[in-house]
Amino acid sequence: MGKAADLSEFDRGQIVMARRLGTSITETARLVGCSRSVVVNIHTKWINYDDTSSRRQGVGRLRVIKGKGRRRLSLLVKQNRRQTVAQLTAQYNARPSASVSEHKVERTLLTKRHRQTLLQWVRKHRDWTMDEWRRVAWSDESRVSIRRLPGEQLLPSCTAGHTQASGGGIMIWGPFSGAVLGPVVEVEQTMKAANYLNIAYQLYPYMAFVFPTGNGIFQQDKAPCHKALIVLEWFEEHTDEFHLKSWTPNSPDLNPMEHIWDVMERQLRAQTPPCPNISTLRDCCLDIRYNLSPVIYQKLLASMPRRVSAVLKAKEGASRY
């Protein structure tokens with residue numbers, strides 16, 4: 001297995017892209033030819049610092065802000081909260097040997113703000129009862145990819161439903177609550193505001209069925225398409241039917257929907273033979289999704305108090321989930 005320092009920038013980029021597309025840690029490690037720990041380290045570095053470079057490949061120290069630098073930047077912000085990022089960067093770089101970009105300063109401030117927002121959120125919800133968590137419908141999207149046996153790429157049965165013989169996959173979205181799983185919706189191309197609005201139309205009957213009294217809470221993360229004006233207006237029009245939950249960004253450990261995708265992915269990998277084309281993959285996803293045991297999502301719902309406690313204990317937003 002390759003070490004992190006031995007990977008090329010292309011390999012590092014492949015790791016980041018694979019994880020962003022929902023590929024598991026194990027599959028990403030297999031594709032790139034490295035260990036799981038290397039995948040985790042490179043992806044974490046990209047999340048925290050927007051950087052995947054290796055120290056061996058550069059000259060001099062890595063230009064990131066951490067430790068004392070973060071504390072100094074925080075002090076500069078407190079001294080004048082109306083400063084622009086450019087002004088903060090200039091002040092930060094006034095000291096000898098300090099040389100960071102405006103992008104790094106902005107990234108550092110956003111990361112800290114996200115941690116603070118996350119802690120505020122979990123403190124607000126640490127005393128929630130199970131009855132309150134049962135009112136929540138969780139949602140997320142995930143990408144699943146085609147897997148083929150060696151030599152199958154050009155077989156007609158492996159190209160059905162896809163224009164490229166080299167491979168492909170689908171993006172799927174779905175919600176669940178402690179009562180029942182929601183619909184599986186295939187997302188065409190990338191998730192944009194118009195696509196997400198089409199999903200919202202299919203969400204409505206699900207929320208009306210699960211929460212007929214209108215006390216349901218719908219959870220979504222803060223992806224750009226979720227914050228689009230046409231989407232927010234749609235949710236505002238339906239506030240009498242259910243409520244939109246204010247959610248903290250960059251907090252997959254607080255969304256049990258992530259575990260639903262993990263269970264589905266493991267079952268997909270166990271398929272023999274593997275799904276060779278888009279059509280088969282779509283059918284398998286639907287079959288697995290609608291046959292998941294209710295025990296799975298009921299246990300996930302019951303884990304919410306522990307998740308909140310774990311984040312509070314970690315203080316920085318990381319947890320064991």
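In this report, we go over the structure that sits alongside the text. None of the values given here were measured: they were computed from a predicted structure. (Residues numbered from 1 in each chain as written. Predicted model: local features only at pLDDT ≥ 70, side-chain atom pairs only at ≥ 80, totals over all residues. Heavy atoms only, no water.)

**Comments concerning the overall build of the protein chain**
- When helices and strands are tallied, the protein chain shows 14 helices and five strands.
- For the protein chain, buried positions account for 43% of its 321 residues.
- Residue pairs at least 24 apart in sequence account for 69% of intrachain contacts in the protein chain once pairs closer than 6 positions are excluded.
- Of the roughly 17900 Å² of accessible surface on the protein chain, a fraction of 53% belongs to carbon and sulfur atoms. (Helix = DSSP H or I, 4+ residues; strand = E, 2+ residues; numbered from the N terminus. Buried < 20%, exposed > 50% of the residue type's maximum accessible area, 1.4 Å probe, protein only. Contact = heavy atoms within 4.5 Å. Areas by Shrake-Rupley, 256 points an atom, 1.4 Å probe, with all protein chains shown as cover.)

**Describing the nonpolar core**
- Within the largest apolar cluster, 37 residues are counted, with the highest numbers of intra-cluster contacts made by Trp133, Trp138 and Ile260.
- At the level of secondary structure, the elements contributing two or more residues to this core comprise helix 6 (102-125), strand 1 (136-145), strand 2 (169-176), helix 11 (257-269), helix 12 (278-290), helix 13 (294-302) and helix 14 (304-314).
- Of all the elements, helix 11 adds the most residues to this core, at six residues.
- Ignoring any residue separated from it by four or fewer positions in sequence, one finds isoleucine 260 in contact with Phe176, Leu181, Arg289, Leu292, Ile296, Tyr297 and Leu300.
- By size, the runner-up hydrophobic cluster in this structure holds 24 residues, among which are Val187, Ile199, Leu203 and Val231. (Core = buried A, V, L, I, M, F, W, Y, C linked by side-chain atoms within 4.5 Å.)

**Some points on the sheet that holds strand 3 (residues 185-187)**
- Here we have five strands laid out as an open sheet, ordered 3-2-1-4-5, and mixed in their pairing. Taken across any chain shown, the strands that pair with only one partner, and hence form the sheet edges, are strand 3 and strand 5 (242-245). With direction set aside, neighbouring strand axes in the sheet form an average angle of 30°. (Pairing = 2+ DSSP bridges. Axes fitted to C-alpha atoms, helices over the stretch in contact; angles between N-to-C directions.)

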